Each structure stands twice: as C-alpha cells, then as structure tokens.
Amino acid sequence: MLKIESTERFSSRVETYVRYRPSYPREVLAVLEEECGLTPQMNVADVASGTGIFTRLLLENGNRVFAVEPNAEMRSAGEEYLAAFPRLQSIAATAEATTLPDQSIDLITCAQAAHWFKRELAIKEFQRILKFGGFLVVVFNDRLVKGDEFADDYENLVLKYGTDYSAVQRLGKIFEGDEFFTPYQCQKRTLPNHQDLDYNALEGRLLSSSYAPERGDASYGAMVQDLRSVFEKHQRNGRVRMRYDTNIYFGKLQDQERVDGQQSF
C-alpha cells in the first residue's frame, strides 16, 4: 500500500523536482507585504521547505529563514541550491515538531506541502512557535486541470496513469473550504503562473509528481508514449504552456476577539 502521508514520498524524485517544478511569482512577496506585513527583518519558518523553491524567494527578500524539512534527500538538495544565502538555517524536522523555540517566528510559510501535514498537530506546533499576531501562509501552485485543450489532455493522462492520483487530489482539496485553518479565519489571494515546457521538461514535470509511475514500473513506457503524443498534438514552436493558479491562503491562528483585544491596548 502507498503511504500517502510519508515524509519519504519524494525521495526518489528529488532531481526531477529540483529541475522541473514551477517556481512562484515574485508578486507573492508583494501580497505578503501588503496582507501580512512582511519585512526583510522578520524571522520566517518555511515549513516543509523541500528543495528550497519558495525558500529562495524569502531569502532574496532579505529574511532570515528557518527551512524545516524532514526528507533528507530534499533537504540536502535545498542546502545545495541555497548555499549562497548566509541567512538560511536548514533544520531536519517536521511540521508537527519543528524544534524551533517558543514564540520565535514572525511568519510561517508552507508551500506545496500543507496537505501532507497532520493538521491538528501542525496547527498546535505553529501556535507554539509564532509570535503573537504572526501569520501562517499556505501557498499552492495549483495546476489548471481544464480550460484549454492541453490542460484537458494532460489531466486525462495523469488520471489514467497516476498510481494514487485521486487520493492525492483529495488531500489537496482540504483547502477548497479553508479547512486547514479551522477554527480560525483565513483569506485568499490568487496570482497567475505558468511554465513553458519543451518535451524533456514536460516529461520531467510529470515524473516529479509523487503519483507518476517511475522508470521500471509496468506502465511507465505507455505513459511516456502517451505523453509524447499529447506534447506533439499541442506544442507550438517546440513548447507547451502549463498554467497554474498560485493560491495564497493567510491568517492568524488566534481567535479574532483576542487579537482585537490585544491590539486595543
């Protein structure tokens, strides 16, 4: 049986993850500045930081970033990717037990990962490490599964070959009702994002997904043959465009009445 919650789920996919996963629009930082008061002086915990794709945006903003990542292979790749940033501190820990001191963090970010957390334990841990009034920010690059012919055909392909794609989809859908923040309130902002991919990059993007069959799996050959057909059908000048909504959820893990009462003094 596949382990949906395993922190080792991406261990065999680190190289393709680093090379082919989308980054995030730099406008995310503007949203965090406007909505969460982000400044370069803040201490940020980037939880489940993976290979450092989102972490890099924070470091480039000047922040001191505690990159919390349980997967040894992904953490090592992130450390290599971000080696030029002295304000990075890489931590081998989980969302549910970050090892960070009490009330030491101004802002928590979780990019492309919160659906893997044990939600109630993670929320309790985030409340412990956040300074009063600090925000939790959850970010997802959500691939558009319909809206153009390439998106439709690519989605049909992953539905056909994904080993547990429907289960992963169910995990991600927790955010449709903002359930991760329950019983606290959150807001949402959405930014457009995309990747323009040649065939090798498209194949790498598919193989970076935890549900995709890998080389040696029985269905791998048929999957990449079908992927090649999808690419040839939709490519323009040797590339296809994969579109995303970058969804940003942000809120405070405190009762609003208590926050308002504290701010009135």
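Residues numbered from 1 in each chain as written. Predicted model: local features only at pLDDT ≥ 70, side-chain atom pairs only at ≥ 80, totals over all residues. Heavy atoms only, no water.

Draft legend 1. Fine view of the side chain of Asn-43. Residue placement: Asn-43 occurs in strand β1 (residues 43–47). The exposure class of Asn-43 is buried, given its relative accessible area of 17%. In this structure, Asn-43 is in contact with Arg-64, Phe-66, Ser-104, Ile-105, Asp-106 and Leu-107, ignoring residues within four places of it in sequence. (Helix = DSSP H or I, 4+ residues; strand = E, 2+ residues; numbered from the N terminus. Buried < 20%, exposed > 50% of the residue type's maximum accessible area, 1.4 Å probe, protein only. Contact = heavy atoms within 4.5 Å.)

Draft legend 2. Looking closely at helix α5 (residues 119–129). Every buried residue belonging to α5 is among Ala-122, Ile-123, Glu-125, Phe-126 and Ile-129, and all of these are buried. Buried residues of α5, viewed axially, fall in a sector of 165°; they line one side. Among the exposed residues of α5, those oriented more than 90 degrees off its buried face are Glu-120 and Lys-124. In this fold, the buried residues of α5 make contact with β1, β4 (105–111) and β5 (130–143). (Arc of directions from axis to C-beta.)

Draft legend 3. Main features of the packing of helix α6 (residues 149–161) against helix α9 (residues 220–234). Packing of α6 against α9 brings their axes to within 10 Å, and their N-to-C directions diverge by 175°. Accordingly, the angle class assigned to the pair α6 and α9 is roughly antiparallel. Here Glu-149, Phe-150, Asp-153, Tyr-154, Leu-157, Lys-160 and Tyr-161 of α6 lie close against α9, whose contacting residues are Ala-222, Met-223, Asp-226, Leu-227, Val-230, Lys-233 and His-234. When grouped by side-chain class, the residues that make up the contact of α6 with α9 number eight nonpolar, one polar and five charged. (Axes fitted to C-alpha atoms, helices over the stretch in contact; angles between N-to-C directions. Parallel < 35°, antiparallel > 145°, perpendicular 65-115°, else oblique. Nonpolar A, V, L, I, M, F, W, Y, C, P; charged D, E, K, R; others polar.)

Draft legend 4. Broad picture of the pattern of salt bridges. Scanning the model with the defined rule gives 14 salt bridges in all. Here Glu-34 ties to Arg-189 by a salt bridge, and the two come within 3.9 Å at their closest N and O atoms. Residue Glu-34 is located in helix α2 (residues 27–36), and its partner Arg-189 is located in strand β6 (residues 187–197); the two are separated by 155 residues in the primary sequence. A residue is classified by how much of its surface remains accessible, and Arg-189, at 28% relative accessible area, is partly exposed. (Salt bridge = Lys/Arg side-chain N within 4 Å of Asp/Glu carboxyl O.)

Draft legend 5. A look at the packing of aromatic side chains. For the structure shown, the criterion picks out seven aromatic pairs. Judged by centre distance (5.8 Å) and plane angle (40°), the ring pair of Phe-150 and Tyr-154 falls under tilted. One end of the pair, Phe-150, and the other, Tyr-154, are both in helix α6, four residues apart, so they sit about a helical turn from each other. A single burial state applies to Phe-150 and to Tyr-154, both of which are buried. Here Tyr-199 and Phe-231 contribute two aromatic rings whose centre-to-centre distance is 5.7 Å and whose plane-to-plane angle is 70°, an arrangement assigned as edge-to-face. Residue Tyr-199 is found in helix α8 (residues 199–207), and its partner Phe-231 is found in helix α9; the two are separated by 32 residues along the sequence. The class for Phe-231 is buried, based on a relative accessible area of 4%. Taken together through their ring pairs, the aromatic side chains of Phe-117, Phe-126, Phe-180 and Phe-181 make up a single cluster. One Lys or Arg, Arg-56, reaches over the ring of Tyr-81 and ends 5.0 Å from the middle of that ring. (Phe/Tyr/Trp six-rings, centres within 6.5 Å; stacked < 30°, edge-to-face > 60°. Lys NZ or Arg CZ within 6 Å of the ring centre and 35° of its normal.)

Draft legend 6. Quick peek at the environment of Asp-226. Within the secondary structure, Asp-226 sits in helix α9. A C-alpha to C-alpha distance of 10.0 Å links Asp-226 and Tyr-161, two positions 65 residues apart in sequence. Among residues more than four places away in sequence, those in contact with Asp-226 are Leu-157, Lys-160 and Tyr-161. Side-chain polar atoms of Asp-226 contact the side chain of Lys-160, separated by 3.3 Å. (Polar contact = N/O pair within 3.5 Å; in protein donor to acceptor, adjacent residues only side chain to side chain.)

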